[in-house]
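As a plain string of letters, each chain reads:
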Amino acid sequence: MDDNSSGMLRDIEDVQIAAFLKSYDDPAITRLSLRAAAPYNAADLCHRIANGGGHARAAGATIPMPMQEAIPHVLTILEGEMDAVDALNQANQQQQTGE
């Protein structure tokens, strides 16, 4: 779908999740290619975004909305996941330090 654009984005240092969105012939449909590093699961995220799927590190979805609607939809879910992981990491860190 994307000639590995999302894979190249994921290869950038400190990038944990890379999303590549593209619209083909039908402007009402957006395709998503997602790559993720642990602890994120690309397949689970794509399933939540638009019933997509794939593998833990590489997945995709067909989003039944135009690009200008799909972008904020995808970002909301990805930001929520990143916030949840950050909160879990902070809680674990506090538990380890006894705070």
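Refer to the structure above for everything that follows.
Predicted, not measured: the structure shown is a model, and the values here were computed from it.

1. A word on helix α2 (residues 42-50)
One turn of the α-helix equals 3.6 residues, which is why residues spaced by three or four share an orientation. Of all the residues in α2, the buried ones are Ala 42, Ala 43, Leu 45, Cys 46, Ile 49 and Ala 50. Relative to the axis of α2, the buried residues are bounded by an arc of 160° and lie together on one face. Along its buried surface, α2 packs onto β1 (17-22), β2 (30-36), β3 (53-54), β4 (58-63) and α3 (67-97). Put simply, Asn 41 is the residue that caps the front of α2, since its side-chain oxygen is 3.0 Å from the backbone nitrogen of Ala 43. Once α2 finishes, Asn 51 follows within two positions and takes phi at roughly 60°, a positive value.

What counts and what doesn't
Along each chain, numbering runs from 1 in the same order as the chain's sequence is written. Where local features are concerned, this predicted model is filtered to residues with pLDDT of at least 70; where side-chain atom pairs are given and counted, the filter is 80 or more; whole-chain, interface and lining totals use all residues. No hydrogens and no water enter the side-chain calculation; it runs on all heavy atoms of the structure. For every residue, the accessible area (1.4 Å probe, protein chains only) is compared with the maximum for its type, and the residue is labelled buried under 20%, exposed over 50%, or partly exposed between those bounds. Put simply, DSSP marks the helices as runs of H or I at least four residues long and the strands as runs of E at least two long, and each gets a number from the N terminus on. Throughout, the arc means the angular range of directions from the helix axis out to the C-beta atoms. Throughout, a residue-residue contact means that at least one pair of heavy atoms, one from each residue, lies within 4.5 Å. Distance and chemistry together define a polar contact, namely a pair of N or O atoms within 3.5 Å, with one atom able to donate a hydrogen and the other to accept it when in protein, and with adjacent residues in sequence counting only for side-chain atoms on both sides.

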